[in-house]
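# Summary of the model geometry
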Amino acid sequence: MSDKNRVYIFDTTLRDGEQSPGATMSHAEKLEIAAMLDEMGVDIIEAGFPIASEGDFAAVSEIAKLAQNSVICGLSRAQIPDIDRCWESVRHAKRPRIHTFIGTSPLHRAIPDLDMDQMAERIEQTVTHARNLCDNVQWSPMDATRTEHDYLCRVVEIAIKCGATTINIPDTVGYTAPRESADLIRMLLERVPGADQVILATHCHNDLGMATANSLAAVQAGARQIECTINGLGERAGNTALEEVVMALRVRHDIMPYDTGIDTTKIMGLSRRVAQVSGFPVQFNKAIVGKNAFLHESGIHQDGVLKNVETFEIMKPADIGLNESNIAMGKHSGRAALRAKLADLGYEVGDNQLKDIFVRFKSLADRKKEVYDEDIVALVQDTTANT
Ligand code: KIV
Ligand code: ZN
């Protein structure tokens with residue numbers, strides 16, 4: 001793998017993900033998720049927002065002490081006390097990072113009531129301060145995708161000169177589209193001195209359902225860090241889903257030849273655990289990790305996958321750590337699927353018995369949304385008893 005094609009995965013489930021209303025996780029749950037992310041090969045874990053609460057500070061500090069491989073990052077506003085608090089919590093990590101941000105678009109500049117020059121000065125002070133504490137500093141112009149291009153280039157250049165090692169370009173409100181996302185990264189690389197010497201990151205929200213596409217477009221234009229969350233957890237419509245970008249880069253490596261360090265077989269376990277602890281269930285048809293993502297119910301599809309799984313599957317369930325049957329039995333299922341299901345359940349039946357069971361199965365499936373293994377066992381037993 002050439003280094004220039006390595007894409008770093010920055011997981012912010014424990015920070016941006018936890019900002020979803022109602023997704024608060026306990027201290028123990030955060031440590032557990034962080035350990036799973038660390039083991040999965042996530043390059044950077046954003047463990048929390050240390051100034052936000054005592055609980056966040058404690059969780060980030062503890063995660064920093066426990067992480068074995070990942071860089072541990074905390075978020076801080078562009079204020080010296082925030083940055084100091086952040087450093088206090090991440091400094092114990094083998095590989096700490098301070099992430100500091102400020103809203104740079106006209107709407108966001110109006111909130112602290114700073115003009116362009118005053119904001120530029122604030123960026124200079126805070127990034128310099130962070131860099132004096134830590135070698136690894138990430139800076140984000142919040143709402144970058146709605147910031148004037150000239151001003152964005154100016155502040156990115158300041159942050160780089162003051163020592164930021166990663167420049168993150170957030171699409172804070174999920175407003176951009178793939179071509180624009182790519183153009184923005186390309187523009188920064190062309191116009192900002194030093195932009196090719198730092199890591200450019202993409203941080204997308206999913207308000208228009210384009211977070212994954214926007215992140216991948218940014219990578220194709222030169223971004224080398226994707227910020228994302230498990231299951232796409234995050235405020236409003238959520239963040240870029242880790243499982244989607246990682247599997248897209250793996251499955252379509254032919255047209256997107258970029259590598260991550262993620263052990264994809266850990267995806268399903270993390271998805272399920274994050275859904276449990278956040279209380280946010282995964283929608284059935286969610287890409288990669290939805291309950292139906294690898295299930296086939298229609299007879300034509302079932303027959304196809306039974307003969308050659310690649311007819312209707314572009315990746316193997318085992319690649320994401322899913323080792324369950326991919327056949328859903330329902331009213332669209334055909335005889336071949338029923339025979340395979342019976343064999344799975346330990347029943348070898350002759351043609352006549354299969355015909356009989358199939359008739360009963362269809363009638364049951366017409367009444368029930370989903371036919372479970374237990375229903376099929378009951379059908380076999382019933383047919384056997386009546387013959
Ligand atoms: O969406 C956003 O702008 C953020 C920043 C704090 C990076 O989450
Ligand atoms: Zn965000």
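Please read these numbers as outputs of a predicted model, since none were measured by experiment. (Residues numbered from 1 in each chain as written. Chains lettered and ligands numbered in written order. Predicted model: local features only at pLDDT ≥ 70, side-chain atom pairs only at ≥ 80, totals over all residues.)

## Focus on the packing of helix H4 (residues 80-90) against helix H6 (residues 116-133)
The contact between H4 and H6 brings their axes to 10 Å, and the two run at 20°. As the angle between them shows, H4 and H6 are arranged roughly parallel. Read as a crossing pair, H4 and H6 show a hand that is right-handed. Along the contact surface, H4 presents Ile80, Ile83 and Trp87, while H6 presents Thr126, His129, Ala130 and Leu133. Looking at the contact of H4 with H6 residue by residue, the class counts come to five nonpolar, two polar and no charged. (Axes fitted to C-alpha atoms, helices over the stretch in contact; angles between N-to-C directions. Helix = DSSP H or I, 4+ residues; strand = E, 2+ residues; numbered from the N terminus. Parallel < 35°, antiparallel > 145°, perpendicular 65-115°, else oblique. Left-handed = near helix turned anticlockwise from the far one by under 90°. Contact = placed C-beta atoms within 7 Å. Nonpolar A, V, L, I, M, F, W, Y, C, P; charged D, E, K, R; others polar.)

## With respect to the sheet that holds strand E8 (residues 225-228)
Judged by pairing direction, the barrel is parallel, and its eight strands sit side by side in the order E1-E2-E3-E4-E5-E6-E7-E8 before closing back on the first. For this sheet, the mean inter-axis angle between neighbouring strands, taken without regard to orientation, is 25°. Bridging between strand E3 (residues 71-77) and strand E4 (residues 96-103) involves six bridges; their strand directions are parallel. Looking at E4, one finds that Leu75 is bridged to His99. Its contacts with the sheet place H4 against E3 and E4, and it is angled at close to 160° to E3. (Pairing = 2+ DSSP bridges.)

## Thoughts on the UniProt feature "binding site: Mn(2+)" (unreviewed entry) in the protein chain
Under the UniProt annotation, "binding site: Mn(2+)" (unreviewed entry) lies at Asp16, His203, His205 and Asn239. These annotated residues cover 224 residues of sequence, and their C-alpha atoms all fall within 10.4 Å of one another, placing them together at a single site. Structurally, His203 can be placed in strand E7 (residues 199-204). Here His203 falls in the buried class, since 28 other C-beta atoms lie within 10 Å of it. Apart from the residues within four sequence positions on either side, His203 is in contact with Ser140, Asn168, Ile169, Pro170, Asp171 and Glu227. Along the chain, His205 turns up in the loop between E7 and helix H9 (211-221). Looking at His205, the number of C-beta atoms within 10 Å reads 25, which means it is buried. (UniProt positions renumbered as here; feature names shortened; annotations may be inferred. Buried ≥ 20, exposed ≤ 12 C-beta atoms within 10 Å, placed from the backbone.)

## Let's talk about the confidence of the model for the protein chain
Averaged over all residues, the pLDDT of the protein chain equals 95, while 99% of them reach at least 70. Looking at the elements of the protein chain, mean pLDDT is at its lowest for helix H15 (residues 373-385), recorded as 84, and at its highest for H9, recorded as 99. In the model output, the complex is listed with pTM 0.92 alongside ipTM 0.99. (pLDDT = per-residue confidence, 0-100.)

## Brief notes about the site of ligand 1
Around ligand 1, the neighbouring residues are Asp16, Phe101, Ser140, Met142, Asn168, Pro170, Thr172, His203 and His205. The set of elements that each furnish at least two residues to the shell around ligand 1 consists of strand E5 (137-142) and strand E6 (166-171). Across the shell around ligand 1, the residue classes tally to three nonpolar, five polar and one charged. (Near = placed C-beta within 6 Å.)

## What about the packing of H6 against helix H7 (residues 149-161)?
Axis separation between H6 and H7 bottoms out at 9 Å; the angle between their running directions is 25°. Taken as axis vectors, H6 and H7 run roughly parallel relative to one another. Crossing geometry of H6 relative to H7 is assigned as right-handed. Residues Met116, Ala120, Ile123, Glu124 and Val127 of H6 form the contact with H7, whose own contacting residues are Tyr151, Arg154, Val155, Ile158 and Ala159. Its residues assigned to classes, the contact of H6 with H7 shows eight nonpolar, no polar and two charged.

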